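# What the coordinates show
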Amino acid sequence: MAERALRLTGLSKSFAGVRALDGVTFEVDAGEVHALVGGNGSGKSTLVKVLAGYHAPDPGAQLELGGRTVSLPLPPGSSSRLGLSFVHQDLGLIPSLSILENMRVGRYRPGRAGRISWRRERQAVEAALRHFGLDLPVDAHVGMLSPLHRALVAIARAFADAELHGGGVVVLDEPTAYLPTDGVDRLFDAIGVLRQNGTAAVIVTHRLEEVFRVADRTTVLREGRAVGTAPTAELDEGKLIELILGRKLEEYYPAGASAIGDTVLSVRHLDGGSVHDLSFDVHRGEILGLAGLVGMGHTEVPYQIFGAVPARGGTIEVQGHQPVPAGSLTPREANRLGLGLLPADRLGGSGVGGVSLRENVSLPVVARFFQGGRIRRRAEGRYVQGLLREHDVRPPFPESPLAMLSGGNQQKALLAKWLQMRLPVMLLDEPAQGVDIGARKEIFQRLREAAQAGACMVMASSEFDDLAGVCDRVLVFRHGRIVDELAGAGLTEDRLTAACYSSRSAA
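Structural notes, computed from the coordinates. Quick caveat: nothing in here was measured; it's all calculated off a predicted structure.

### Observations regarding the nonpolar core
Counting 77 residues, the largest nonpolar core has Leu265 and Ile305 as the members making the most contacts within it. If you tally residues by element for this core, the top one is helix H14 (residues 437-452), at six residues. Not counting residues within four places of it along the chain, the set of residues in contact with Leu265 comprises Phe280, Asp281, Val282, Ile305, Ile316, Glu317, Val318, Leu339, Val425, Cys456 and Val458. Val87, Leu129, Ala190 and Val214 belong to the second largest nonpolar core, which has 37 residues in total.

### Notes on the sheet that holds strand E5 (residues 68-70)
Across the sheet, four strands lie side by side as E2-E1-E4-E5; this open sheet has antiparallel pairing. Edge positions in the sheet fall to strand E2 (18-29) and E5, since each has one partner strand and no second. The mean angle between the axes of side-by-side strands here comes to 25°, regardless of whether they run parallel or antiparallel. In terms of strand pairing, strand E1 (residues 4-15) meets E2 through eight bridges, oriented antiparallel. Paired with Arg4 across the two strands is Asp29, which belongs to E2.

### Topic: the sheet that holds strand E19 (residues 425-429)
Read across the sheet, six strands follow the order E16-E19-E20-E13-E21-E22 without closing on themselves; strand pairing throughout is mixed. Of all the strands in the sheet, just strand E16 (339-342) and strand E22 (481-487) have a single pairing partner and so form its edges. Within the sheet, the average angular offset between the axes of one strand and its neighbour, ignoring direction, is 20°. Set on the sheet, H14 makes contact with strand E13 (287-291), E19 and strand E20 (456-460); between it and E20 the angle comes to about 145°.

### A closer look at the pattern of salt bridges
Taken as a whole and judged by the stated rule, the model has 27 salt bridges. Among the salt bridges present, the one from Arg4 reaches Glu27, with a minimum N-O distance of 3.4 Å. Of this pair, Arg4 sits in strand E1 while Glu27 sits in strand E2; the two residues are 23 residues apart in sequence, bridging distant segments of the chain. As a salt-bridge pair, Arg217 and Asp29 come within 3.9 Å of each other at their nearest N and O atoms. Note that Arg217 is positioned in strand E9 (residues 217-222) and Asp29 in strand E2, a separation of 188 residues in sequence. A single salt-bridge network, built from bridges that share partners, covers Arg4, Arg7, Glu27, Asp29, Glu32 and Arg217.

### Here's the deal with the packing of helix H13 (residues 407-419) against H14
In a pair of packed helices, the angle between the axes and the distance between the axes together describe the arrangement. Close contact between H13 and H14 brings their axes to 11 Å; oriented N to C, the two are set at 10°. The orientation of H13 relative to H14 falls into the category roughly parallel. On H14, the residues touching Gln411, Lys412, Leu415 and Leu419 of H13 are Ala439, Glu442, Ile443, Arg446, Leu447 and Ala450. Class assignment for the residues of the contact of H13 with H14 results in six nonpolar, one polar and three charged.

### Description of the pairing of strand E14 (residues 313-318)
For strand E11 (residues 263-272) and E14, the ladder comprises five bridges, and the chain directions are antiparallel. Across the sheet, Ser266 pairs through a bridge with Glu317, a residue of E14. In this structure, the hairpin formed by E14 and strand E15 (residues 324-325) is closed by a connection of five residues, where Gly320 is found at a positive phi of approximately 95°.

### Description of the packing of aromatic side chains
Counting across every chain of the model gives two aromatic pairs. Judged by centre distance (5.5 Å) and plane angle (50°), the rings of Phe369 and Tyr383 are tilted. Of this pair, Phe369 sits in the loop between helix H11 (357-362) and strand E17 (370-371) while Tyr383 is found in helix H12 (residues 377-390), placing the two residues 14 residues apart along the sequence. The buried category is assigned to Phe369, whose relative accessible area is 5%. Given a relative accessible area of 26%, Tyr383 falls into the partly exposed group. For Lys13, the ring lying beneath its charged end belongs to Phe15, and the centroid distance is 5.1 Å.

Reading guide: rules and limits
- Residues numbered from 1 in each chain as written.
- Predicted model: local features only at pLDDT ≥ 70, side-chain atom pairs only at ≥ 80, totals over all residues.
- Heavy atoms only, no water.
- Core = buried A, V, L, I, M, F, W, Y, C linked by side-chain atoms within 4.5 Å.
- Buried < 20%, exposed > 50% of the residue type's maximum accessible area, 1.4 Å probe, protein only.
- Helix = DSSP H or I, 4+ residues; strand = E, 2+ residues; numbered from the N terminus.
- Contact = heavy atoms within 4.5 Å.
- Pairing = 2+ DSSP bridges.
- Axes fitted to C-alpha atoms, helices over the stretch in contact; angles between N-to-C directions.
- Salt bridge = Lys/Arg side-chain N within 4 Å of Asp/Glu carboxyl O.
- Parallel < 35°, antiparallel > 145°, perpendicular 65-115°, else oblique.
- Nonpolar A, V, L, I, M, F, W, Y, C, P; charged D, E, K, R; others polar.
- Phe/Tyr/Trp six-rings, centres within 6.5 Å; stacked < 30°, edge-to-face > 60°.
- Lys NZ or Arg CZ within 6 Å of the ring centre and 35° of its normal.

Printed below as a string of structure tokens:
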């Protein structure tokens, strides 16, 4: 029998009377890659936060690490000493600190007289970054890094901790959400190296292809309970989806297209960042996709159209309004024109994690709840609760902080925030990033319903299958320019992949 690296038994956790985990048993063998999957709100992130010492479990839970019984709850900061390393869904980095400080805080190794050798600390951090092909100045503030580089710094920190222990468990909560294909390959290669040292890895992911690619065993959580653990080789995609949902998924993407109408959004000669002389139109009822490899400029377009990132030139025209210079457009003005933006960064750019769902969701329409110079909070709360139920946000508690929800429920709440306004144009960046298969279907259904009601959507995504399944038309970007356009029968995942990787321009 393999040596047990981690064993959790009788794990339950309740929040305000709602059970997030209910009697869960979870076991990981030394040197094993174990996938932990389940729908949003199934309890995955709560389990991870119990292991990290962020949440105290309900009485009765027991934890063993490397065959040793460990008392729960874990004191904050003690996980690393016990051989547990983490890459959290929100990365757990402090933007105002440098890469060096983020990677070494709480890990400094003072020499004689308690002095820290900063030269040795820098060398350790640089070596850890090189492991993932990163050549970054270690004094750079994390807040100035791209989402990709922030994710790689968090991963490098966790793996450096694991190598220091020479065993233990690395827990990765949605580690590939911000990674391009080559970054995912590097991550999985690094996991393989750690396994040789007896280190186990727990991967929490919504991407089923990653489960089948890397996991030895898979545990499925549903509604706070462990509903099955099996060798991954004994599962197939259909069986795994059925375990996750508790039913068969009949249709993944919404059926039926919208009636395409007049032009609603016209972009002319947009220029800025990686984008060069970009022009395109979007029509009423249309979902337009923007695709490309990392760094090709397609993900910058929604932010430049909305004025969240300054453009150098070009014009934006929304039906019924005069063209506006893109360089002078602000988010407030864009919203007045009928534009909404759902950023990829849920807690950094789309919502405020420490603020309640009520305040996040009602923000665009909060003026309607003012009376006599005060906000009618009770009316606001009832209104928001109705929206949360309509969009199947769980739990639908208006006073819950946004950050307390799972990633998929955060995204559904933030989508509800914009769709309530029935704007003519919605701009979206990675709307289904880090979202489970059930919630993805709900999100895509909401987008299609909004399009059928007359809105137009511009959706940037790195998920080629989503673009092919949801969009009416997709523009392919290379070096900031449109090089191909796919639509109708020609819009398939394979053709989209080929168009993004091909060096030949079709447009």
